Amino acid sequence: MAHFSGKVGGQARQLLDLVPDVSPESISGHYLCSTIVNTCFTVGDIKVSNFNNSVAEIISHPIPVAFINAYECASWGYAIRYHLQKHPDTRFVLISVIDANVYNFEFWIYNENWEHSGFGITTLLIEKVSENKDGLITGFASGHNTMMAFAIAIRKAAVNYPGNTITLPLFPQRIRQMLESVLNKYNVLPNDHKQWGHCFGSDPWLSILNNTPLDSSGKPLESSYLACSLALNGYYSMLEAAVNPDTILMLDRNLSNQVRFGSGYANNPNANK
Amino acid sequence: MSFTGRLTGRPYGGKATLASLRGFPLSSESDYRNASGFRGIRGIPVYLNFFEHFDLMSHMVKLVLKEMEELDFILVEIAMPSGARLTPTLLHEKVFLCLDVNSEFEKLRDRSFSVLAIRDSFIRHPQEMGDNSINVDCFAKSSTLHVFHQFIQMLSQWRIEILQTNFDPTGDVSN
């Protein structure tokens, strides 16, 4: 457990060290969101309260930690929804999307639903999330064709963000083609599924990290996105997300190279300040 | 206010139902080897499947949403559903599903929110850890006391036996 929580807390700590002007008191919550990290808790190998406390100790800031996986890949959006109700005036919220193949099960490495998976940790420090509460949408894609219902929900939401580029989950091209056929009037970030596999709730953030244009000095250009995640069971989250030259986008390539389509976990720090 | 109980039988009576164990899809020798360490707790009976568990939680939450409208939050300790789909009631905006509900309950109580938290360890699969117990904590106005009492009484319809109750008025959010 110490190694695992150390990776999660260590990455969050690394991110907070990069933004010394952000006081820990202004970060009112840290949500550990996952799709596949669950069995280790239900079979009793790790106690979730110990895991949360361990992460908090590593960060060494008094930021309350909560673990959420019920909403699967859409957990990050439901965590933000809850946090905005709890702290309506919050300035920052810290999210760690954690998907590690703890028992190295082959289903998580490859399956027919989304083919290859990618494992890693994505850490997000999101600012001003409370200033545009309408920019967060959580919902439930019902009916027989969840994927189509999800695409239609995005199209409906995107009407309010005509200039935003849509970031979709990383899926095999056959699924992406279906989604993009519904969204053909909008800009959509490229599908990096071949490179990364499906990375669960990290997908939209990894897409932003990989595809945001940079200026000649390496700073991100102003870009507006509609970040979208879908759970296998149909729950979805969307968030209007803006990147500007002050945004820190960082990928730990040393670790990420080890985990492409493999087991274990990567570091994909993605500071969105 | 708090309540501790235990599921003592099938909450849906003698009606036949699929086991729906939602066993994790194991495909290789290493998968079986790695999963062989999951032993669960011997001797604890399985009274419901994953779908029935979410259905039961959904019924409880629906009751609370209807009868205790003044609550700011309802916390339910639910983990990744393993194939069973959460109901629209469990996705209600007042409801937050997380692990370690106790910790979240304390955070909300410290901020003077009125909150009800449901934490169960109902076993849905023999490899799960748990003892079929359920705990409900409530921090709300004292006027809610009688509703909370009614809520607890209604749990018996699902074969949940009351082990301990605490109607301590110190839990009054208006204090």
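Here goes a summary of the coordinates provided. For every chain, the first residue of its written sequence is number 1, and the numbers climb from 1 along that sequence. Written order determines the labels here, with chains lettered from A and ligands numbered from 1. Reporting of local features is limited, given that this is a predicted model, to residues whose pLDDT is at least 70; pairs of side-chain atoms are given and counted only at 80 or more, and all residues count toward the totals for whole chains, interfaces and linings. As a rule here, side-chain values cover all heavy atoms of the structure and leave hydrogens and water aside.

**Focus: the overall build of chain A**
Argument step 1. Scanning chain A for helices and strands turns up ten helices and eleven strands.
Argument step 2. In terms of overall size, chain A behaves like a compact globule, its C-alpha atoms giving a radius of gyration of 17 Å where 273 residues would be expected to give roughly 19 Å.
Argument step 3. In terms of principal-axis extent, the alpha carbons of chain A reach across some 45 × 40 × 40 Å.
Argument step 4. Methods summary: accessible areas were calculated by the Shrake-Rupley approach with a probe of 1.4 Å, and residue burial reflects only the protein chains presented. Accessible surface, chain A as shown: approximately 10,500 Å² in total, 48% of it carbon and sulfur.
Argument step 5. His residues and chain termini do not enter the charge count, which takes Lys and Arg as positive and Asp and Glu as negative. One atom stands in for each charge, and that atom is NZ of Lys, CZ of Arg, CG of Asp or CD of Glu. A gap of 3 Å separates the mean positions of the 18 positive and 22 negative side-chain charges of chain A. Starting at the N terminus, helices and strands are each numbered in turn, a helix being any DSSP run of H or I of at least four residues and a strand any DSSP run of E of at least two. Just to be clear, the radius of gyration here is over C-alpha atoms, and the globule rule we use is 2.2 Å times residues to the power 0.38.

**Digging into the layout of surface pockets**
Empty space among the atoms becomes apparent when a probe as large as a water molecule is rolled across them.
Argument step 1. Empty space within the second largest pocket amounts to approximately 690 Å³.
Argument step 2. The method works on a 1 Å grid over the protein atoms by themselves. A cavity is a set of points holding a 1.4 Å probe that cannot get out, a pocket is an open set with protein on both sides within 12 Å along at least five of seven lines, and residues with an atom within 4 Å of a point line them. Lining the second largest pocket we find 23 residues, and of these Phe41 and Thr42 of chain A together with Glu77, Asp120 and Met129 of chain B sit closest to its centre.
Argument step 3. Amino acids are sorted into nonpolar (Ala, Val, Leu, Ile, Met, Phe, Trp, Tyr, Cys and Pro), charged (Asp, Glu, Lys and Arg) and polar (every other residue, Gly among them). Looking at side-chain class alone, the lining of the second largest pocket contains nine nonpolar, seven polar and seven charged residues. Grid points are joined across faces, edges and corners, and a volume is the space filled by probe spheres set on the points.

**Topic: the environment of proline 88 of chain B**
Argument step 1. With respect to the secondary-structure elements, proline 88 of chain B resides in the loop between strand 2 (73-77) and strand 3 (95-98).
Argument step 2. Measuring from C-alpha to C-alpha, the distance between proline 88 of chain B and glutamate 77 of chain B comes to 16 Å, with eleven residues separating the pair along the chain.

**Concerning the environment of alanine 70 of chain A**
Argument step 1. Along the chain, the position of alanine 70 of chain A falls in the loop between strand 2 (65-68) and helix 4 (75-86).
Argument step 2. Sequence separation between alanine 70 of chain A and asparagine 38 of chain A is 32 residues, and the spatial gap between their C-alpha atoms is 9.3 Å.

**Some points on a negative patch on the surface**
All names here are of chain B.
Argument step 1. Patch definition: residues with relative accessible area over 30% and no salt bridge; like charges joined within 9 Å; nonpolar side chains (Val, Leu, Ile, Met, Phe, Trp, Tyr) joined within 5 Å. Take a side-chain nitrogen of Lys or Arg and a carboxyl oxygen of Asp or Glu: if they are within 4 Å of each other, that pair is a salt bridge. Side chains of Glu67, Glu69, Glu70 and Asp72 sit close together on the surface and give a patch of like negative charge.
Argument step 2. The topology assignment puts glutamate 70 in the loop between helix 2 (50-67) and strand 2.
Argument step 3. Using a 1.4 Å probe on the protein chains alone, a residue whose accessible area is under 20% of its type maximum counts as buried, one over 50% counts as exposed, and one in between counts as partly exposed. Residue classification places glutamate 70 among the partly exposed positions, given a relative accessible area of 34%.

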